[in-house]
Amino acid sequence: MRTLSRVERRTPASAAQAHYWRRNQLHHPTAMSNIATVLRVTGPLDVSCLHRAVHDVIARHEPLRTLFRPDATGLEQKIMRAGSVPEVFRTVTIGASDLDQQLHHEARRRFDLATEPPIRVTAYRLAPAEHAVLFVLHHVAFDGLSAKPFADDITHAYTSRLAGAAPVWAALPSRYADFIRWQRDRLGDVADRTSRWSSQTAYWQRALAGMPAQPALPYDRRPSGIPAYRSAAVPLDFDAHAYATLRRIAKDAGVTLFVVLHAALAVTLSSLGAGDDIVIGSPVAGRFHRDFRQLVGCFINFVTLRTVLARNLSFDALLRTVAEADQAALANRDLPIDDVRYLHSPAGHTPQPAQVLLAFDAFGAAAPRVDFPGARTTIRPVETGTTVYELDVTLSVRFDSRGRPVGMTGALYYAQDLFDLSTAHAVADRFRTTIGDPAAAWDTARRGTVSGTLTAAPACPPGSGALR
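Bear in mind the structure is a predicted one, so any value in this text is a computation, not a measurement. (Residues numbered from 1 in each chain as written. Predicted model: local features only at pLDDT ≥ 70, side-chain atom pairs only at ≥ 80, totals over all residues. Heavy atoms only, no water.)

Moving on, we get to the overall build of the chain. The helix and strand tally for the chain stands at 12 helices and 14 strands. In summary, the chain has a C-alpha radius of gyration of 23 Å against a globular reference of 23 Å for 468 residues, a match within 12%. Counting only C-alpha atoms and orienting by the principal axes, one finds that the chain spans roughly 70 × 55 × 45 Å. Within the chain, buried positions represent 52% of all 468 residues. (Helix = DSSP H or I, 4+ residues; strand = E, 2+ residues; numbered from the N terminus. Rg over C-alpha atoms; globule rule 2.2 N^0.38 Å. Buried < 20%, exposed > 50% of the residue type's maximum accessible area, 1.4 Å probe, protein only.)

Per the counting criterion, the structure on display carries six cavities of 30 Å³ or more. In this structure, the largest cavity spans a volume of roughly 110 Å³. The wall of the largest cavity is formed by Phe-179, Trp-182, Gln-183, Arg-186, Leu-187, Val-284, Gly-286, Phe-288, Phe-299, Asn-301, Arg-333 and Asp-334. Per-element tally for the lining of the largest cavity: the top contributor is helix α5 (residues 176–187), with five residues. Here the lining of the largest cavity is built from residues that sort into six nonpolar, three polar and three charged. Along its surface, the second largest cavity is lined by 13 residues, and Ala-15, Ala-16, Ile-300, Asn-301 and Ile-337 are the ones closest to its centre. Mapped by element, the contributors of at least two residues to the lining of the second largest cavity are α1 (15–26), β10 (301–308) and α10 (337–344). Top contributing element to the lining of the second largest cavity by residue count: α1, with four residues. Looking at the lining of the second largest cavity residue by residue, the classes come out as eight nonpolar, three polar and two charged. (1 Å grid on protein atoms, 1.4 Å probe; cavity = no way out; pocket = protein on both sides within 12 Å on 5 of 7 lines; lining within 4 Å. Points joined across faces, edges and corners; volume = space filled by probe spheres on them. Nonpolar A, V, L, I, M, F, W, Y, C, P; charged D, E, K, R; others polar.)

Attention now goes to the side chain of Glu-390. If you trace the backbone, Glu-390 turns up in the loop between β12 (376–382) and β13 (391–399). Of the side chains with opposite charge, Arg-222 lies nearest to the buried Glu-390, which makes no salt bridge, at 7.8 Å. Residues in contact with Glu-390, not counting those within four places in the same chain, are Gln-214, Pro-215, Leu-217, Tyr-219, Pro-223, Gln-355, Tyr-413, Tyr-414, Ala-415, Leu-418 and Phe-419. (Lys, Arg positive; Asp, Glu negative; His and termini not counted. Salt bridge = Lys/Arg side-chain N within 4 Å of Asp/Glu carboxyl O. Contact = heavy atoms within 4.5 Å.)

Let us look at α10. Among the residues of α10, Ile-337, Asp-338, Val-340, Arg-341 and His-344 are the ones counted as buried. One side of α10 holds all its buried residues, which, seen down the axis, span an arc of 155°. On its buried face, α10 sits against α1, α6 (196–208) and β10. (Arc of directions from axis to C-beta.)

Turning our attention to the sheet that holds strand β1 (residues 11–12). Read across the open sheet, the three strands follow the order β1-β4-β3; overall the sheet is antiparallel. Looking at strand neighbours, the two that pair on one side only are β1 and β3 (66–71), the edges of this open sheet. Contacting β3 and β4 (74–79), α1 crosses the sheet at an angle of about 100° to β4. (Pairing = 2+ DSSP bridges. Axes fitted to C-alpha atoms, helices over the stretch in contact; angles between N-to-C directions.)

Strand order in the open sheet made by the five strands is β5-β6-β7-β2-β12, with mixed pairing throughout. If you trace the sheet from one side to the other, it starts and ends with β5 (89–93) and β12, each paired once. Taken over all neighbouring pairs, the strand axes of this sheet differ in orientation by 20° on average, direction set aside. Sheet strands in contact with helix α3 (residues 99–107) are β2 (34–42), β5, β6 (119–127), β7 (130–138) and β12, and its direction is about 175° off that of β6.

So, about the packing of aromatic side chains. The final tally for this structure, using the stated rule, is 15 aromatic pairs. Here Tyr-176 and Phe-179 contribute two aromatic rings whose centre-to-centre distance is 5.4 Å and whose plane-to-plane angle is 50°, an arrangement assigned as tilted. Remark: Phe-179 and Tyr-176 occur in helix α5; sequence separation between them is three residues, near one turn of the helix. Each member of the pair, Tyr-176 together with Phe-179, is buried. Note on Phe-302 and Tyr-389: the rings are 6.5 Å apart at their centroids and 45° apart in plane angle, and the pair reads as tilted. Placement of Phe-302 in strand β10 and of Tyr-389 in the loop between β12 and β13 is noted, with a sequence separation of 87 residues between them. (Phe/Tyr/Trp six-rings, centres within 6.5 Å; stacked < 30°, edge-to-face > 60°.)

Of the pairings in the sheet, the one linking strand β8 (residues 231–238) to strand β14 (residues 405–415) comprises eight bridges and is antiparallel in character. Bridge pairing in β14 places Ala-233 opposite Tyr-413. As defined by bridge partners, β13 adjoins β14 across nine bridges and the pair is classed as antiparallel. Within β14, the residue paired with Arg-398 across the bridge is Gly-407.

Glancing now at the confidence of the model for the chain. Predicted coordinates in regions of low pLDDT should not be interpreted in detail. When the pLDDT values of the chain are averaged, the result is 89; 90% of them are 70 or greater. With pLDDT under 50 throughout, residues 2–9 is counted as low confidence; its partners more than four residues away or in other chains account for 12 contacts. (pLDDT = per-residue confidence, 0-100.)

This next bit is on helix α9 (residues 315–330). Between its first and last C-alpha atoms α9 spans 22 Å; for 16 residues at 1.5 Å apiece the expected length is 22 Å, and the two agree. By the burial criterion, the buried members of α9 are Phe-315, Ala-317, Leu-318, Leu-319, Val-322, Ala-323, Asp-326 and Ala-329. (Expected span 1.5 Å × (residues − 1).)

Of all the nine residues making up β6, seven are buried; the element is thus mostly covered by neighbouring parts of the structure. The pairing of β5 with β6 spans five bridges and is classified as parallel. Counted as the bridge partner of Val-92 is Tyr-124 from β6. Note: β6 against β7, eight bridges, orientation antiparallel. Along β7, the bridge assignment pairs Thr-122 with Leu-134. The loop that links β6 with its antiparallel partner β7 comprises two residues.

Have a look at this one:
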């Protein structure tokens, strides 16, 4: 891999950084791109050592000390020197009863990416031996696969500082700037007809041709004007039997588990009146080169998965159709989602080609571990209550202590300005039914024996769904 010189005067932003920067500009009042995690620490915590450790990690990973400003040629990132980063760490003493309110308030506070680093850390002192440390990072500098290297480095830096020394790091195999250069070299020149850029643009032009402008989802309120971007969630949990059944279906059909889940979601949406032309977005990790796996940064892209559900297909044939469409889309996953969006809507009227998202983690990435000497630590996410999608199904495989799969867990996130909680529950129930027997659900849907009208589940009390 060709590396980028450290003396280059200008570093353009990556496609992923530009995508989340645009979101930050377009959705100015919201914190939809914030990622917030709270670390509960029971036992001794040296806050001054943690303060230094945070700055050690910021010094190690350039995206955490990067500002973003547009110029005449695009979006430029300004990487600050490690010693000149503004303070991102603060300590607050509060009562335990006030913690949740403080966490949610801070998690929803937006970043000004032109003037402040994309990370904030607040250590809440609840008692002499009880702390909650909130990490809020902007997606422009962080993605899901950044969590492990970030947590590992915080652990190492804090342990070193506690012992009275600066952390000694193994050299990173590359920089985030190297990823930017690698990505641009991989795509090639837009004017070169033989480049990936040209071939993938041609693919997406064909794949998106004639696609419905707006999905026919079971709205309680039709989309209009500027979305509120407020979200809530309905939990989704599937036991070991359901998971094993899906695995068997996938194995018998010669497809992946993701394909079965994608087909099940498409069948669910079609049975609710969304028609036969189903469009679903899905994230892809983007860390194709092994040198990028230890880096903190934003590498993800999104692919648009379009499937036409022909009613004369058997369920096995439907799975093959979905698999072929998914494979074709993934083979063209390099083109940035903002460029795909432009092909779909040149005037920029839609935020992305798909209004429904499916995210699936087949490996059940466990929550990262942060281990502080002499203390007990636990980590959990803090929801920001925002979304850019109308519906978002997020699932991951759940494992037991021996590493054996025991089901799947996740949630159906929904836009509150479009759907009531009772409707979201009904959509989730229909998806659970489809997952329980996908072949039977498809047979029912293709025979047209299911009405698109929902029988809504009883509404849950306000706040009963986890916010995203």
